[in-house]
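Each chain, written out:
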Amino acid sequence: FSHFVPRIELVPEKRYLVYPPLMQAVGSRPLGRRVAALRPDLHVFGHTHFGWDGRVDGVRYVQAALATPRERERRPRSLAVGDDFRPD
């Protein structure tokens with residue numbers, strides 16, 4: 001697991017970001033290389049405040065974001081991952 005985002009592909013689209021300059025500071029190449037070398041079944045990460053659950057290059061990446069209380073109130077659907085996501 002890591003707090004930081006191991007790949008830029010795991011960051012939400014810029015139009016969804018409250019702080020668009022975040023794109024300039026996420027996606028750690030060294031961490032991405034380490035995850036690729038280890039080839040885990042699952043890598044849990046944080047940092048973006050958006051829920052994410054998907055596969056990239058055979059690795060399942062999950063971000064079960066806690067977010068801030070205000071974010072949880074305003075956009076709960078953007079925090080849900082896996083079976084927790086239930087469309088209206």
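None of these values were measured; they are calculated from a predicted model.

Trainee: In this structure, what is going on with the pattern of salt bridges? I would like to understand it.
Mentor: Once the charged atoms of two side chains with opposite charge are near each other, the side chains can pair. A complete count under the given rule lists four salt bridges for this structure. Linking Arg7 and Glu9 is a salt bridge whose minimum nitrogen-to-oxygen distance equals 2.7 Å. By relative accessible area, which is 18% here, Arg7 ends up buried. Note that Arg75 and Glu71 form a salt bridge whose closest N and O atoms lie 3.2 Å from each other. Just as Arg75 is buried, Glu71 falls in that class too. One network of salt bridges, in which partners are shared, links Arg7, Glu9 and Asp57.

Trainee: Would you take a moment to explain the packing of aromatic side chains for this structure?
Mentor: Each aromatic ring pair is described using two quantities: the centre-to-centre distance and the angle formed by the ring planes. In the structure shown here, the tally under the stated rule is one aromatic pair. When the centroid spacing of 6.4 Å and the interplanar angle of 70° are considered together, the rings of Phe45 and Tyr61 count as edge-to-face. With a gap of 16 residues between them, Phe45 in the loop between strand S1 (42–44) and strand S2 (52–56) and Tyr61 in strand S3 (residues 59–63) connect regions that are remote in the sequence. We classify Phe45 as buried; its relative accessible area is 4%. You can call Tyr61 buried: its relative accessible area is 2%. Here the basic side chain of Arg75 rests over the ring of Phe50, its NZ or CZ set 4.2 Å away from the ring centre.

Trainee: What exactly am I supposed to notice about helix H1 (residues 29–38) here?
Mentor: Along an α-helix, a turn takes 3.6 residues, which lines up residues three or four apart on a common side. Where H1 begins, the capping side chain belongs to Ser28, and its oxygen is found 3.1 Å from the backbone nitrogen of Leu31. Once H1 ends, the next one or two residues include Arg39, with phi positive near 50°.

Trainee: Which parts of the structure should I look at to understand the environment of Val81?
Mentor: Mapped onto the elements of the fold, Val81 is located in the segment after helix H2 (69–74). Look at Val81 and you get buried, because its relative accessible area is 13%. Along the backbone, Val81 and Phe50 are 31 residues apart, and their C-alpha atoms lie at a distance of 9.1 Å. In this view, Val81 contacts Gly51, Trp52, Asp53, Val62, Gln63 and Ala64; residues no more than four positions away in its chain are not counted.

Trainee: Even after reading the chapter, I still don't get the sheet that holds S1, so can you show me in this structure?
Mentor: Whether parallel or antiparallel, the strands of a sheet pair through hydrogen bonds between backbone atoms. Pairing is mixed in the open sheet, where three strands are placed in the order S1-S3-S2. Among the strands making up the open sheet, the edge pair consists of S1 and S2. The sheet shows a mean angle of 20° between the axes of neighbouring strands, direction not considered.

Trainee: Before we go on, may I ask you to explain the nonpolar core in this structure?
Mentor: Where a protein is soluble and globular, its nonpolar side chains tend to be buried together. Among the nonpolar cores identified, the biggest contains nine residues, and these are Val5, Leu10, Val11, Val26, Val35, Phe45, Val56, Val59 and Tyr61. In contact with Val35, other than residues within four places in its own chain, are Pro6, Pro40, His43, Val59 and Tyr61.

Criteria and cut-off values
- Residues numbered from 1 in each chain as written.
- Predicted model: local features only at pLDDT ≥ 70, side-chain atom pairs only at ≥ 80, totals over all residues.
- Heavy atoms only, no water.
- Salt bridge = Lys/Arg side-chain N within 4 Å of Asp/Glu carboxyl O.
- Buried < 20%, exposed > 50% of the residue type's maximum accessible area, 1.4 Å probe, protein only.
- Phe/Tyr/Trp six-rings, centres within 6.5 Å; stacked < 30°, edge-to-face > 60°.
- Helix = DSSP H or I, 4+ residues; strand = E, 2+ residues; numbered from the N terminus.
- Lys NZ or Arg CZ within 6 Å of the ring centre and 35° of its normal.
- Polar contact = N/O pair within 3.5 Å; in protein donor to acceptor, adjacent residues only side chain to side chain.
- Contact = heavy atoms within 4.5 Å.
- Pairing = 2+ DSSP bridges.
- Axes fitted to C-alpha atoms, helices over the stretch in contact; angles between N-to-C directions.
- Core = buried A, V, L, I, M, F, W, Y, C linked by side-chain atoms within 4.5 Å.

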